[in-house]
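Coordinates in review
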Amino acid sequence: MRVRFFAFFLAMLLTSGTTLFAQGKNTRQVEVAVKKLTKAMLDSDIPVLSALASEQLTYGHSSGKVQNKAEFLESFKTGASDFTKIDIKDQTIYIVNNTAIVRHLLDADTNDNQQPGHTTLKIMTVWTKAGNQWVLIARQAVKAL
């Protein structure tokens, strides 16, 4: 009886450890993807932005405007979206299977359509794991109070 209990307990520990290791690895991969996205937005790097965004992207702005992937990329091509500084604070990542929900505070300087500005937004992004890469499928911003 004790041997069975010990074997069961050991199996549960090993399974939990494997799950926690996978969660930690996925969390680090999502953090890297968010950093890549932030840098690509600063650099208006269309190839990187395109690679990070799902074909089904829905990208919501704090104004209520919602863009698909093509519209999102076009805004960076034309300068309608132009970030000159982005600081990310208070980031949390919650992972369920192959989906990650990321929340953070974005504090940014902008030069949208060559008009300098500043914005502070609460951001939620949703990422999905496609193969070995995390891709952005949704983003919603709201004005920080």
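Structural data are supplied above this passage.
Starting from 1, residues in each chain are numbered consecutively following that chain's sequence as written. For a predicted model such as this one, the threshold for reporting local features is a pLDDT of at least 70, and the threshold for listing and counting side-chain atom pairs is 80 or more; totals across whole chains, interfaces and linings nevertheless cover every residue. Each side-chain value is derived from all of the structure's non-hydrogen atoms; neither hydrogens nor water enter the calculation.

As for the packing of aromatic side chains
This is how the line gets drawn: In this scheme Phe, Tyr and Trp rings, the latter by its six-membered ring, pair at centre separations within 6.5 Å, and the angle between planes marks the pair as stacked below 30 degrees, edge-to-face above 60, and tilted otherwise. Put simply, DSSP marks the helices as runs of H or I at least four residues long and the strands as runs of E at least two long, and each gets a number from the N terminus on. A 1.4 Å probe rolled over the protein chains alone gives each residue an accessible area, and that area as a share of the maximum for its type sets the label: buried under 20%, exposed over 50%, partly exposed in between.
Applying the stated criterion across every chain yields a total of three aromatic pairs. The interplanar angle of 40° and the centroid separation of 4.5 Å between the aromatic rings of Tyr 59 and Phe 72 together place this pair among those described as tilted. In this pair, Tyr 59 sits in strand β1 (residues 53-60) while Phe 72 sits in helix α3 (residues 69-78), placing the two residues 13 residues apart along the sequence. By relative accessible area, which is 3% here, Tyr 59 ends up buried. Look at Phe 72 and Phe 76: their rings are 5.4 Å apart centre to centre, the planes differ by 75°, and that puts the pair in the edge-to-face class. Separated by four residues within a single helix, Phe 72 and Phe 76 lie in helix α3, roughly one turn from each other. Neither residue differs from the other here; Phe 72 and Phe 76 are each classed as buried.

Notes on the sheet that holds strand β4 (residues 99-112)
To keep things clear, this is the line we draw: One bridge is not enough; two strands pair if DSSP finds at least two bridges between them. Throughout, a residue-residue contact means that at least one pair of heavy atoms, one from each residue, lies within 4.5 Å. To obtain an axis, a line is fitted to C-alpha atoms, over the contacting stretch when the element is a helix, and the angle between two such axes runs from 0 to 180 degrees between their N-to-C directions.
With respect to topology, six strands assemble into an open sheet ordered β2-β1-β6-β5-β4-β3, the strand pairing being mixed. Both outer strands of the open sheet, β2 (66-67) and β3 (83-96), are each paired with one neighbouring strand and no more. In the packing of α3 onto the sheet, contacts are made with β1, β2 and β3, and the angle to β1 comes to roughly 70°.

Concerning empty space enclosed by the protein
For clarity, the cut-off: Each cavity reported here is a set of points on a 1 Å grid over the protein atoms alone in which a 1.4 Å probe fits but cannot get out, each pocket an open set with protein on both sides within 12 Å along at least five of seven lines, and each lining residue one with an atom within 4 Å of a point. Grid points are joined across faces, edges and corners, and a volume is the space filled by probe spheres set on the points.
Scanning the entire structure with this criterion turns up one cavity of 30 Å³ or more. Taken as a whole, the largest cavity encloses approximately 120 Å³ of empty space. Lining of the largest cavity is provided by 14 residues; of these, Leu 37, Met 41, His 104, Leu 106 and Ile 123 occupy positions nearest its centre. For the lining of the largest cavity, the elements supplying multiple residues, two or more each, are α1 (2-43), β3, β4, β5 (115-130) and β6 (133-143).

As for the layout of surface pockets
To keep it simple, the criterion reads: As a working rule, the residues Ala, Val, Leu, Ile, Met, Phe, Trp, Tyr, Cys and Pro are called nonpolar, Asp, Glu, Lys and Arg charged, and the rest polar, with Gly in that last group.
The volume enclosed by the largest pocket comes to roughly 380 Å³. Surrounding the largest pocket, 19 residues form its lining, His 61, Ser 62, Ser 81, Asp 112 and Leu 121 being those nearest its centre. Tallied by class, residues from the lining of the largest pocket come to seven nonpolar, eight polar and four charged. As for the second largest pocket, its lining consists of Gln 29, Val 32, Ala 33, Lys 36, Val 48, Ala 51, Leu 52, Asn 132, Gln 133 and Trp 134. Contributing elements (two or more residues each) for the lining of the second largest pocket: α1, α2 (46-52) and β6. When residues in the lining of the second largest pocket are grouped by element, the largest group, four residues, is from α1. For the lining of the second largest pocket, a count of residues per class yields six nonpolar, three polar and one charged.

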